[in-house]
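# Reading the structure
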Amino acid sequence: MNNEALIQATKTYVKQELVNAEGGHDWFHTLRVFKNAKLIAEKENVNALVVALGALLHDIADSKFYGGDDTIGPKKAREFLFKHNVDTAVIEHVVKIIQHISYSSNIDKTEGFKSLELDVIQDADRLDALGAIGISRTFNYGGFKNRAIYNPDITPNLNMSKAEYKTSEAPTINHFYEKLLLLKDKMNTKTGKQIAQARHDYMVSFLDQFYAEWHGEA
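About the cut-offs
Residues numbered from 1 in each chain as written. Predicted model: local features only at pLDDT ≥ 70, side-chain atom pairs only at ≥ 80, totals over all residues. Heavy atoms only, no water. Helix = DSSP H or I, 4+ residues; strand = E, 2+ residues; numbered from the N terminus. Rg over C-alpha atoms; globule rule 2.2 N^0.38 Å. Buried < 20%, exposed > 50% of the residue type's maximum accessible area, 1.4 Å probe, protein only. Areas by Shrake-Rupley, 256 points an atom, 1.4 Å probe, with all protein chains shown as cover. Lys, Arg positive; Asp, Glu negative; His and termini not counted. Charge placed at Lys NZ, Arg CZ, Asp CG, Glu CD. Core = buried A, V, L, I, M, F, W, Y, C linked by side-chain atoms within 4.5 Å. Contact = heavy atoms within 4.5 Å. Phe/Tyr/Trp six-rings, centres within 6.5 Å; stacked < 30°, edge-to-face > 60°.

Take the overall build of the chain next. The helix and strand inventory of the chain stands at ten helices and zero strands. Listing every helix and strand of the chain by position from the N terminus yields α-α-α-α-α-α-α-α-α-α. In terms of overall size, the chain behaves like a compact globule, its C-alpha atoms giving a radius of gyration of 18 Å where 218 residues would be expected to give roughly 17 Å. Considering only C-alpha atoms, the chain reaches an extent of 60 × 35 × 35 Å along its principal axes. Scored against the burial criterion, the 218 residues of the chain give a buried share of 47%. Total accessible area on the chain is roughly 11,600 Å²; 49% of this is exposed by carbon and sulfur atoms. Of the side-chain charges in the chain, 26 are positive and 29 negative, and the distance between the mean point of each set is 4 Å.

Set out below in structure tokens:
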């Protein structure tokens, strides 16, 4: 199977696997990350196949929908790629990317797996948590979890451990301060940083408007 056919087969597999997924982590999220990754990769010296497969499979089984189990996604990806006779080195690289891409997996960590391909896909994934799409996804997930939109009596926790982050039930607005507004300074690539800045600024403007409306000032 050539690379183009493999990528198409991967798209078909992921689309089927995520058919009933929560709206912020569905096939369309994966497709946006895939497109973001291709855009960023144009300016980076990376393995294009690893980037494509890693982007497509990065959320094949997000742990937040599997009781916090971080092992299911990598296992599903490995089995799919092995079934399609993908080179062992590529499989291992993609699996490591899936294991290390998430925001929560990097909390409390001082060292971990690194690669340029991971940098690209991580930026692509984080870009989808910013801007208009990021705002939409955040409130969609908050509604999915039946969380309050905002409660001024519950302040953001800016020093959460990984366990606290993964079990937080804080209002949705808090998530902007606990993660989203921090992403701009955590981007890896020049292209990622440039796109992130504009999307970050959009979110800041949104929050200004939100508070003005909340307080009856607009």
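Among soluble globular proteins, nonpolar side chains are generally buried collectively. Counting residues in hydrophobic clusters, the biggest one holds 56 residues, and the most contacted among them are L57, L81, V94 and F176. Where this core is concerned, the elements lending two or more residues are helix 1 (3-17), helix 2 (27-41), helix 3 (48-57), helix 4 (72-83), helix 5 (88-100), helix 6 (116-127), helix 9 (172-178) and helix 10 (190-214). Looking at this core element by element, the count peaks at eight residues for helix 3. Those residues in contact with V94 that lie beyond four places of it in its chain are V50, L53, G54, L57 and L81.

In this section: the packing of aromatic side chains. Evaluation of the coordinates by the stated rule reveals eleven aromatic pairs. Their ring planes at 70 degrees and their centres at 6.0 Å tell us that F139 and F206 sit as a pair that is edge-to-face. Here F139 is found in helix 7 (residues 131-144), whereas its partner F206 is found in helix 10, with 67 residues between them in sequence. Here F139 falls in the partly exposed class, since its relative accessible area comes to 24%. Taking the relative accessible area as the measure of exposure, F206 reaches 25% and is therefore partly exposed.

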